[in-house]
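Okay, here's what each chain looks like letter by letter:
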There are 2 protein chains.
Amino acid sequence: MGWPSSPTTTHRNLTSSSLNDISDKPEKDQLKNKFMKKLPRDAEASNVLVGEVDFLDSPFVAFVRLQQAVMLGALTEVPVPTRFLFILLGPKGKAKSYHEIGRAIATLMSDEVFHEIAYKAKDRQDLLAGIDEFLDEVIVLPPGEWDPAIRIEPPKSLPSSDKRKNMYAGGDSTQMNGDTPHSGGHGGGGHAVGDELKKTGKFCGGLILDIKRKAPFFFSDFYDGLHIQSLSAILFIYLGTVTNAITFGGLLGDATENMQGVLESFLGTAVSGAVFCLLAGQPLTIISSTGPVLVFERLLFNFSREHDFDYLEFRLWIGLWSAFFCLALVATDASFLVQYFTRFTEEGFSSLISFIFIYDSFKKMLKLAHYYPINSDYKINYVTQYDCMCMAPTDANSSDVYTDPLDSTFIWTVNYSDTRLNASWSSLSKKECLKYGGELVGTACNFVPDITLMSFILFFGTYTCSMCLKKFKTSPFFPTTVRKLISDFAIVLAILIFCGVDALVGVDTPKLIVPSEFKPTSPNRGWFVPPFGGNPWWVYLAAALPALLVTILLFMDQQITAVIVNRKEHKLKKGAGYHLDLFWVAVLLAVCSFLGLPWYVAATVISIAHIDSLKMETETSAPGEQPKFLGVREQRVTGVFVFILTGLSVFMSPILKFIPMPVLYGVFLYMGVASLNGVQFMDRLKLLLMPAKHQPDLIYLRHVPLRKVHLFTFVQLLCLALLWILKSTVAAIVFPVMILALVAVRKALDYVFSQHDLSFLDDVIPEKDKKKKEDEKKKKKKKQGSIDSDMEDSDYPYNENVPSIKIPMDMMEQEPFLGDKASDSE
Amino acid sequence: MGWPSSPTTTHRNLTSSSLNDISDKPEKDQLKNKFMKKLPRDAEASNVLVGEVDFLDSPFVAFVRLQQAVMLGALTEVPVPTRFLFILLGPKGKAKSYHEIGRAIATLMSDEVFHEIAYKAKDRQDLLAGIDEFLDEVIVLPPGEWDPAIRIEPPKSLPSSDKRKNMYAGGDSTQMNGDTPHSGGHGGGGHAVGDELKKTGKFCGGLILDIKRKAPFFFSDFYDGLHIQSLSAILFIYLGTVTNAITFGGLLGDATENMQGVLESFLGTAVSGAVFCLLAGQPLTIISSTGPVLVFERLLFNFSREHDFDYLEFRLWIGLWSAFFCLALVATDASFLVQYFTRFTEEGFSSLISFIFIYDSFKKMLKLAHYYPINSDYKINYVTQYDCMCMAPTDANSSDVYTDPLDSTFIWTVNYSDTRLNASWSSLSKKECLKYGGELVGTACNFVPDITLMSFILFFGTYTCSMCLKKFKTSPFFPTTVRKLISDFAIVLAILIFCGVDALVGVDTPKLIVPSEFKPTSPNRGWFVPPFGGNPWWVYLAAALPALLVTILLFMDQQITAVIVNRKEHKLKKGAGYHLDLFWVAVLLAVCSFLGLPWYVAATVISIAHIDSLKMETETSAPGEQPKFLGVREQRVTGVFVFILTGLSVFMSPILKFIPMPVLYGVFLYMGVASLNGVQFMDRLKLLLMPAKHQPDLIYLRHVPLRKVHLFTFVQLLCLALLWILKSTVAAIVFPVMILALVAVRKALDYVFSQHDLSFLDDVIPEKDKKKKEDEKKKKKKKQGSIDSDMEDSDYPYNENVPSIKIPMDMMEQEPFLGDKASDSE
């Protein structure tokens, strides 16, 4: 097969330019042709020439393949050398017929498989076989209940022509028949299970393999990140991380009486995140405080106080034990268990986390509305009746409540002069008034105008704006680059727009306040937690028990997020690193325990958002060509920068204080909703509300009875509802353990559903791939070509491949005008 | 052609049920088949039976047409009698091939044209000719850059098969070739110009014809309105009308010092509207006060005051003259001039009015924000410092401003006792305080909390909600009926939802307040304007001059709206009534002038909204069948009810007072945006921002160079910009006259664009129709069948109809199994 197999362009040329004009130099207007840059470099042309002449009685046909491609001057539209010539001359009067033949040949030559055959053909028989193969692949649509004027959409991914080529090359021997259109089938087949998750059996075998796998990419992890898209991802994820740090910091401070506060949260996030993104196996994973850890800390603090333990020291020992357990899991390659997390478990978990995100963002807004109550009884006319005065305490003993004796002198002083008293009191601000034990009297005291409503405007506005801008990529307006830029920066733009709206209206909405001083939140603790001295010796050992729980909690949270990050849909190329990730989580756990910082583990929703903001697509060039998802920009730059910025936030408070909290809650809502995108479980939930005729053409709907699909969805929904209820009680601490229950439920489903159904419903081969595979399968079946209707023939009762109604190009056979190499006329 | 031409169902039956089972009674499971109800009543079946037998050496084929359709028991899936039988028996080993032949025959029999041929065929040649015709229509798609697994969408409207039938019946003689795929072409071809707009030449000829045309529909105009959709339309349009009445009433009251106020506006709207909808030619048109009339009234009132004329009397005479002129226009069939309003003029006008609607709704919101200013300096901590006190006037002389001496006694009384004074002043409400000349002192006085922000939430919320609910019809969720109901009641639902939100939050947003007392707004006028006595006699004659302006103004406003209502896209069936409409406008003009009520004329945007809310579509039944737009529910019920309700609003104020004004402004915004839908001008505006490859498949883009399309759009845009500027100045009064300028500009375009281009760009044949026509044209061209690619071949250089590569069903011809009537084997 020494022939060059370069793509060929076909071109119908109907101008009667005299052959004398032909030069081997491309002409000016040829070079100017914009179409040229869409062609591959070594493209060659076929020229199809038809015409009427008066000196012929019957048509004369020649198909010429030149030994060497030559430039034929202005004959071709673009300056590419011509390899093939098709010439048809015939008697006058049948020009349209000749033209149609020319079109047919041009169509034939534009077929990838046929033009390869044309390159390789040794004689006329080869060409005829090629035409036959082509005709076998032709689809015939009968007239009737459809509109022949429709334009067929260019497909998202082209069906490969490999099968056709193989058939031509190798014959029918590869024929496959059966019901196994997809690999795996059962549970474990979900995510990319390569050698990443094989049990090596050696000590630290998995970890060593992970390092070996990731090390070669370490430098590319940095220069791969140098792209404008990274900037958008950094800003977006940074804001998410900071908001998370503040929220969890506040909650932790609340739960632990400021033993861990907002500053510790910032410091911990920055240090742990940066180290993780710099050195872990999956730098796309974003680590953060998570709900279950918070619940654990709350319980731990209460327990410590009740039993008079030193909280931080107790926690240090739990952390150390837990880190030890995690390292033990790393050493024994325990992460191979991840294989049992199928799509069912994984989507259940990620959906639940997304729901919690959405729920929390609304909860935060309602809390805000509670904090700034609206005066719904306000009447404009009675503006004169609304006020809020600070009054002197009616009870003289109320001065007992003063905690700060220094400040209260002022009040005691004025207390003596009765006349000046009222004036002084009323000049106090609300805070001062309450501090000095004054009473706020008046109808306006309990209400705050505008802030709540403005917050809701910002909240919904940011969410809607982010959504719309993100979708802008698929809108038909503006050139692709502009659309892509807007879509990439959607969230940053939305935040900026609504910060602008907020500044414009000027209402004093709650803003993002980051700590600006670098010292522990509580004055009762230092930067280092001494490991001994606070608690009796047996506590150091007993800490192993709660540590076990923490270990399960971290392992589950970490690995299921890692599984989601490694989904096949994301097309990651640099390999997984489950063991390495867990190793770093354990190390950071120990470090954070020593420093009295919160514990960190992979956060599902933010990690998904991170990946979403780094998705790459092909630059579309040819009209109608669909952008193809290429993969995710796998690098460490965005992650590292996000956490460096988080650390520097302490110095950025003058800028950050312009960002209203409701805007950030809106971003959280967006993250929650966006992370539900493309989750098959959500698609199936939607199916529940859809009449059958509107259902999309999903692969599992083609193969699994709708009833079964709904049953599967229902089981999954039930599991999530139970988990949600669990999460709302104190039992929340065992929440990650309950994810294991999902694995058990999935296992139990094996007895309810057939393996065939499950392989379609619980499988992470993305839709497209599977459809493609099936197409190929079908193509094979139909190999022999037949009048094809669009009826489903997958459950075809006949297996023989006997063609029934063939559509031979009989006219061509009757008038064999297909000469080889040299032209031969009839 | 005595044969019944009933549709035939095809059915492949592959079960080997013994022929003994055949009974002529339908079986139980046949009757239960749900598919049955989708079939027409007189449907007949063709049964295709194929099978292998061991006693045959070559295939045996029979095509049987029975003289009488008979019930063949369980042979058919549904209990319909069988007319045709296709039987193919052959030797063992080629079952798949037989099956394919069976499929091909079934496909053939399902073709509308072929099964008609099968009914009529006299011999085998007829059938073969039918097959040939079918094959000519077949579309062949080569393999390559598309995905054969795609599912072809069912078309919005099926291409008609009439052309194919004619061809079969009449031969090729009707062949048409040329560049006139659309009727009309030039200017006047826009809307349905039937005899409605022909100049009769007789006195009142047009009016009489209008009455004759509309009278037969008068009763159906009432019972056609009895539909749930009408309820939604009534509520929607009622709220729009009431809001309009209040807005214009307020503005008129402002302009005429309450000589015409809100109550007059309500009364006038109710009376004129009800009469118009009851008796006019186009009951779908909604009449209302319009902008130009308002400007005229303002100028007229100022002129009257400056020259000491009696405003109402002067106005009465103008009204009478104007009514006279209008009647003269009716009598002389002047409405035929409407024909010169092409799509260019019509879309320009309606777009402009829609823009004004959108602009006005925002202006109203900004005005509201101005009226309820937000205190952007509010700090929660300083709540104690914000108040608003009513203080006694510092200047004793301020009591001079009291207009009502009776009320002021209270102040005078308390003025003497100095100690009680301040207490009394501070207990006054804002209104009282200002009334008695008190001063409002304090930081809170100039601000109103929450109302503005809540109003914006309601405004945008209502708009967004209406939009989303309206689009719900095309969402894939819920059954069609539910979706349709939600979509029909979209605006009403949105209004209810946001009234609920408003009630829930409880902020005192401005509500819809309708007058509740029935008396003229101004005490200086009665219900009847006496025609003589107020002004010198020559004023009665001079009034004819401004009346001329009013006449042009009304004529233009009325007729261009009527043209828009009569757009071909709306598929109105009961005919137009331009003359009759103008007659009633004139009569109502005179009546309103006598009663001192505002003048009314057709309002474009509300009329479009009215039509949109009454659109009918087919109930889709078969899966994949697209709903078809059937037309508009043409009736008088909705209009009459709307205006009766408007009249009764005076008594409905206890209910209406729950509707916040911002919600209604949101509805206005929706109306403005919705009325831009489907306007070709807007589509073309969007094209300006669209890269060529994303442009939709519009008919004019297929035929007119993009540069020309853009130029046309640009000219139109420029015209609108000029009109907008004009509208913003005092010259607004000549605004409707300027519409005439649009006609002139359109005329001038004849010299810039070719007639070919203009016929595509300025033509009101809706897209679909035209495409269909073109499809038919194309089909004719391709009549002889050829390998068809999806290349554009409209500018095809050959006209001959010589087929080039035919796809005969040669196998069928070689094995002629097509017997006629009785079965004949080979």
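Residues numbered from 1 in each chain as written. Chains lettered and ligands numbered in written order. Predicted model: local features only at pLDDT ≥ 70, side-chain atom pairs only at ≥ 80, totals over all residues. Heavy atoms only, no water.

1. Here we look at the overall build of chain A
Check the secondary structure of chain A and you find 32 helices and 11 strands. Taken across its 826 residues, chain A has 53% of its residues classed as buried. A fraction of 82% describes how many contacts in chain A between residues 6 or more apart in sequence connect residues 24 or more apart. If you sum the accessible surface of chain A, you get close to 36,700 Å²; carbon and sulfur atoms cover 63% of it. (Helix = DSSP H or I, 4+ residues; strand = E, 2+ residues; numbered from the N terminus. Buried < 20%, exposed > 50% of the residue type's maximum accessible area, 1.4 Å probe, protein only. Contact = heavy atoms within 4.5 Å. Areas by Shrake-Rupley, 256 points an atom, 1.4 Å probe, with all protein chains shown as cover.)

2. Re the nonpolar core
Of all hydrophobic cores here, the largest spans 307 residues; its most connected members are Ile318, Leu512 and Tyr700 of chain A together with Ile318, Leu512 and Tyr700 of chain B. Those residues in contact with Ile318 of chain B, other than ones at most four positions away along the chain, are Phe296, Leu300, Ala543, Pro546, Ala547, Val550 and Trp599 of chain B. The next biggest cluster of nonpolar side chains, apart from the first, holds 46 residues, and it includes Phe84 and Leu135 of chain A together with Val48 and Leu135 of chain B. (Core = buried A, V, L, I, M, F, W, Y, C linked by side-chain atoms within 4.5 Å.)

3. Side note on the pairing of strand β4 (residues 82-91) of chain B
Residue and element names in this part refer to chain B. Burial analysis of β4 places 8 of its 10 residues in the buried class, which makes it a mostly covered element. Here strand β2 (residues 44-53) pairs with β4 via 9 bridges, running parallel. Bridging across to β4, Ser46 finds its partner in Phe84. Across 7 bridges, strand β3 (residues 60-70) lies against β4 in antiparallel orientation. The residue bridging Val61 from the neighbouring strand is Leu88, located in β4. (Pairing = 2+ DSSP bridges.)

4. With respect to the environment of Trp724 of chain B
Residue and element names in this part refer to chain B. Looking at where Trp724 falls in the secondary structure, it is placed in helix α28 (residues 706-728). Relative accessible area serves as the criterion here: at 24%, Trp724 is assigned to the partly exposed category. In the structure, Trp724 is positioned 369 residues away from Phe355 in sequence and 9.2 Å away in space, judged by C-alpha atoms. For Trp724, the residues in contact, after removing those within four places along its chain, are Leu352, Phe355, Ile356 and Tyr359.

5. Considering the packing of aromatic side chains
All names here are of chain A. Inspection of the entire model under this criterion finds 58 aromatic pairs over all chains. Ring geometry for Phe362 and Phe459: centres 5.4 Å apart, planes at 80°, overall edge-to-face. Of the two residues, Phe362 sits in helix α12 (residues 343-371) while Phe459 sits in helix α16 (residues 451-471), which places them 97 residues apart along the sequence. Residue Phe459 is classed as buried on the basis of its relative accessible area, which comes to 0%. (Phe/Tyr/Trp six-rings, centres within 6.5 Å; stacked < 30°, edge-to-face > 60°.)

6. Digging into the side chain of Ser322 of chain B
Residues and elements named next belong to chain B. For Ser322, the location among the structural elements is in helix α11 (residues 311-331). Of the polar contacts made by the side chain of Ser322, one reaches the side chain of Thr551; its length is 3.1 Å. The residues contacting Ser322, other than those within four sequence positions of it, are Ala547, Val550, Thr551, Leu554 and Leu589. (Polar contact = N/O pair within 3.5 Å; in protein donor to acceptor, adjacent residues only side chain to side chain.)

7. What to know about helix α9 (residues 262-279) of chain A
Residue and element names in this part refer to chain A. With 18 residues, α9 should cover 26 Å at 1.5 Å per step; its first-to-last C-alpha distance of 26 Å lies within 8% of that length. What α9 keeps buried is the set Leu263, Glu264, Ser265, Phe266, Gly268, Thr269, Ala270, Ser272, Gly273, Ala274, Phe276 and Cys277. Residues of α9 that are buried make contact with α8 (228-255), β6 (287-288), α20 (544-565), α21 (578-595) and α23 (637-648). (Expected span 1.5 Å × (residues − 1).)

8. What to know about a nonpolar patch on the surface
Residues and elements named next belong to chain A. Taken together, the side chains of Ile228, Leu231, Leu235 and Leu485 present a nonpolar region at the surface, about 330 Å² in accessible area. With respect to the helices and strands, the residue Ile228 is situated in helix α8. The exposure class of Ile228 is partly exposed, given its relative accessible area of 45%. (Patch = residues over 30% accessible without salt bridge, like charges linked within 9 Å, V, L, I, M, F, W, Y side chains within 5 Å. Salt bridge = Lys/Arg side-chain N within 4 Å of Asp/Glu carboxyl O.)

9. Details of unusual backbone geometry
Even without glycine at this site, Lys571 of chain A takes up a positive phi of about 50°. In this structure, Lys571 of chain A sits in the loop between α20 and α21. Even without being glycine, Asp450 of chain B reaches a positive phi, approximately 65°. Note on placement: Asp450 of chain B falls in the loop between β8 (439-441) and α16 (451-471). Judged by relative accessible area, which is 2%, Asp450 of chain B ranks as buried.

10. A few points about the domain arrangement of chain A
Per the domain assignment, the segments of chain A are domain 1 (28-145 + 810-825), domain 2 (195-368 + 512-654 + 681-745) and domain 3 (389-441). Computed over C-alpha atoms only, the centres of domain 1 of chain A and domain 2 of chain A are separated by 60 Å. (Domains from an automatic or database assignment.)

11. Brief notes about the pattern of salt bridges
All chains considered together, the criterion is met by 34 salt bridges over all chains. Of the charged contacts, one joins Arg343 of chain A and Glu569 of chain A as a salt bridge, the two residues approaching to 3.5 Å between their closest N and O atoms. With a gap of 226 residues between them, Arg343 of chain A in helix α12 and Glu569 of chain A in the loop between α20 and α21 connect regions that are remote in the sequence. Arg343 of chain B is the partner of Glu347 of chain B in a salt bridge, and the nearest nitrogen-oxygen pair spans 2.5 Å. One end of the pair, Glu347 of chain B, and the other, Arg343 of chain B, are both in helix α12 (residues 343-371), 4 residues apart, so they sit about a helical turn from each other.

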